[in-house]
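# Architecture at a glance
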Amino acid sequence: MTPALPLIGNRAQAARLIAAVDADRVHHAYLFEGPEGVGKATFALWLARYTNCTAQRRPCGTCRNCHLMLSGTHPDLIVVVPDPERATRVITVDQAQALIRSLQLQRHSARRRFVILDPVDALNDESANTLLKTLEEPPRGTQFVLITSRVASLLPTIRSRTQRVRFGPVPAAELLTWLGERGLPAELERASGGSPGFALRLAGGEDAERRALREALLAAVGQPLGKLFAFSEAEGKKEEGVNRAALAVDVVEELLRDAVVLSQGRTPVHADATPTLRRWAAALWPGGFARLAVHIAHARDRLALNVNGRVVIEALLTQLNLELTAQPSP
Ligand SMILES: [Zn+2]
C-alpha cells in the first residue's frame, strides 16, 4: 500500500526513495536539491520515520521511534542547522567535529541513523572538508540527507559524494487545490513560484514585508546614487541585517523576472508595478537581464560568505542602476 506522503508534487522522487528503502538499497548520502519551501526537509524527516517505524503501516506516528523522532528527541535522528549563536548561516567546523564524534557512538534503536544537514550550503570550506571522509564512508547504518536550494554553490567534492534527488516546483493545479483547501488566495500560486512553504510564509505576513521593501526599492532605483545608498544603508542596518539583505536580493530578482514576463507580453505577478517594469524591460532586454542574473548569484554568494548586507545591496543596486541608465550601443 502506498503510504500517505507529506508532500504535494514531487511524487516520483518520493516513490523512488521509498522503493530504495523497501529494497534496502539506499545510497548512504542523498542530496535533496530544489527550490525553497517545496518539502525537501519535511520529506527527509518523514523518510527517517518511514525507515525506522516498527509498525505494519509506516510511519505510524505512535511507535517509540516515530514518537521520539516527531518530538525531535530521537538520538538517532541528527539534524544539523547553522549555528544559532552566529549572525550568519554557517555550519561551523566545531559542529562538523561534534557530528563526527557523535557518529562514533553506537546507534540507539534505529535501523538507520539519519543525519540531515539543512542547508548543506551553510558548510564553509573548513567544515565541508572536515566532513568529506565521513560523507564518503559513513559508519554502518548511517544515512546522510543533505538539503539545498543552492546546489551550484556547493563544493564539487561534496556533490560528488552524494546521489542527487531533484525536487521541482509544485504543478499549478495541485498547488491551487492545496491553497483552496486551506482557504488561501489563489494568487499565492504564482507569487510563490510553486512553493507551498513560500506561499505559507507570504500568507503569514511576509507578503506585507516584501511589499514594503519592493515599494522602497522601486522608489530608490533610477534615482541619484545618494538615494540608492540611503536605501542600502537602511536595509543593511536592520536588526537581522543578513536576512533583510537576502530578502532585498529576492525582491530585485522577482522584479526582474516580472520585467522579463512583461517583455514577453504576459501579465507580471506584481502588476501594480507595471509602468516601472515596462521601463526596466525596455532598458534591460536582453543582455542586461543576463548580466544582472550573474550579479544576483554573486550577491547571494557574498551574503553566504558573511559580507556586510549594506555593501552587497549597494553593489547590486549600483549595477542595476548602471544597466538602466546605460546608453544603447550604436
Ligand atoms: Zn512508527
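The paragraphs below set out a description of the structure included in this document. (Residues numbered from 1 in each chain as written. Predicted model: local features only at pLDDT ≥ 70, side-chain atom pairs only at ≥ 80, totals over all residues. Heavy atoms only, no water.)

## Section: the sheet that holds strand S1 (residues 29-33)
With parallel pairing, the 5 strands of this open sheet are ordered in space as S2-S3-S4-S1-S5. Because the sheet does not close on itself, it has two edges, and the strands there are strand S2 (77-80) and strand S5 (163-166). Pairwise comparison of adjacent strand axes, ignoring direction, gives a mean angle of 20° for this sheet. For S1 and strand S4 (residues 142-148), the ladder comprises 5 bridges, and the chain directions are parallel. Across the sheet, the residue bridging to glutamate 33 is threonine 148, located in S4. (Pairing = 2+ DSSP bridges. Helix = DSSP H or I, 4+ residues; strand = E, 2+ residues; numbered from the N terminus. Axes fitted to C-alpha atoms, helices over the stretch in contact; angles between N-to-C directions.)

## Digging into the side chain of glutamate 33
Here glutamate 33 shows up in strand S1. Side-chain polar atoms of glutamate 33 contact the side chain of arginine 164, separated by 3.0 Å. If near-sequence neighbours (up to four positions away) are discounted, glutamate 33 is found in contact with Lys40, Thr148, Val151, Arg164, Val165, Arg166 and Phe167. (Polar contact = N/O pair within 3.5 Å; in protein donor to acceptor, adjacent residues only side chain to side chain. Contact = heavy atoms within 4.5 Å.)

## Quick notes on the packing of aromatic side chains
Enumeration over the complete set of coordinates arrives at 6 aromatic pairs. Seen in terms of ring centroids, phenylalanine 32 and phenylalanine 167 are 5.0 Å apart; in terms of plane orientation they differ by 45°. Their pairing is tilted. Of the two residues, phenylalanine 32 sits in strand S1 while phenylalanine 167 sits in the loop between S5 and helix H7 (172-181), which places them 135 residues apart along the sequence. What makes phenylalanine 167 buried here is its relative accessible area of 4%. Summarising the aromatic geometry, the rings of phenylalanine 43 and tryptophan 46 are spaced 5.5 Å apart at their centres and angled 15° between planes, so their arrangement reads as stacked. (Phe/Tyr/Trp six-rings, centres within 6.5 Å; stacked < 30°, edge-to-face > 60°. Buried < 20%, exposed > 50% of the residue type's maximum accessible area, 1.4 Å probe, protein only.)

## Description of a nonpolar patch on the surface
Side chains of Leu45, Val79 and Val81 sit close together on the surface and give an oily, nonpolar patch of about 210 Å² of accessible area. Residue placement: leucine 45 occurs in helix H2 (residues 40-52). (Patch = residues over 30% accessible without salt bridge, like charges linked within 9 Å, V, L, I, M, F, W, Y side chains within 5 Å. Areas by Shrake-Rupley, 256 points an atom, 1.4 Å probe, with all protein chains shown as cover. Salt bridge = Lys/Arg side-chain N within 4 Å of Asp/Glu carboxyl O.)

## Overview of helix H12 (residues 274-284)
Every buried residue of H12 is accounted for by Thr274, Thr276, Leu277, Trp280, Ala281 and Leu284. Buried residues of H12 fall within an arc of 155° about the axis and therefore sit on the same side. Along H12, the residues that are exposed and aim more than 90 degrees away from the buried face are Pro275, Arg278, Arg279 and Ala282. (Arc of directions from axis to C-beta.)

## Thoughts on the coordination of the zinc ion
Bound to the zinc ion are the protein donor atoms Cys53 (SG), Cys60 (SG), Cys63 (SG) and Cys66 (SG), situated 2.2 to 2.4 Å from the metal. Taken together, the 4 donor atoms coordinating the zinc ion and their angles of 104 to 117° define a geometry best described as tetrahedral. All donor residues of the zinc ion come from one chain, and their arrangement in sequence is C-x6-C-x2-C-x2-C. Residues cysteine 63 and cysteine 66 agree in their burial class; the two are buried. (Donors = N, O, S within 2.8 Å, 3.2 Å for Na, K, Ca; no water. Tetrahedral: all angles 85-135°; square planar, octahedral: opposite > 155°, others 65-115°.)

## Topic: the pattern of salt bridges
Within this structure, the stated rule accounts for 17 salt bridges. Across the pair arginine 182 and glutamate 181 runs a salt bridge, and its minimum N-O distance is 3.7 Å. The partner of glutamate 254 in a salt bridge is arginine 210, with the nearest N and O atoms 2.4 Å apart. Of the two residues, glutamate 254 sits in helix H11 (residues 241-263) while arginine 210 sits in helix H9 (residues 196-220), which places them 44 residues apart along the sequence. Neither glutamate 254 nor arginine 210 differs from the other in exposure class; each is buried.

## What to know about the pairing of S1
Among the 5 residues in S1, 5 count as buried, and that is most of the element. Residues of S1 alternate between two faces, with Ala29, Leu31 and Glu33 on one and Tyr30 and Phe32 on the opposite face, all of them buried. Bridge count for S1 against S5 is 4 bridges, and the pairing is parallel. Bridging across to S5, glutamate 33 finds its partner in arginine 166.

## Remarks on the nonpolar core
Of all hydrophobic cores here, the largest spans 33 residues; its most connected members are Leu256, Trp280, Leu317 and Leu320. Broken down by secondary-structure element, the contributors of at least two residues to this core are H9, helix H10 (225-237), H11, H12, helix H13 (287-304) and helix H14 (309-325). Among the elements that take part in this core, H11 stands out by supplying 10 residues, more than any other. Setting aside anything within four residues of it in sequence, one finds leucine 256 in contact with Trp280, Leu284, Phe289, Leu292, Ile296 and Leu320. By size, the runner-up hydrophobic cluster in this structure holds 23 residues, among which are Leu7, Leu17, Ala20 and Val145. (Core = buried A, V, L, I, M, F, W, Y, C linked by side-chain atoms within 4.5 Å.)

## Overview of helix H5 (residues 125-136)
Count 3.6 residues to each turn of an α-helix, and residues three or four apart come out pointing the same way. The first and last C-alpha atoms of H5 sit 16 Å apart over 12 residues, in line with the 16 Å expected at 1.5 Å per residue. Residues Ser127, Ala128, Leu131, Leu132, Thr134 and Leu135 constitute the buried set of H5. Looking at the buried residues of H5, the elements they touch are S1, helix H4 (93-103), strand S3 (113-117), S4 and helix H6 (156-159). (Expected span 1.5 Å × (residues − 1).)

Coordinates in, geometry out; function isn't part of it.
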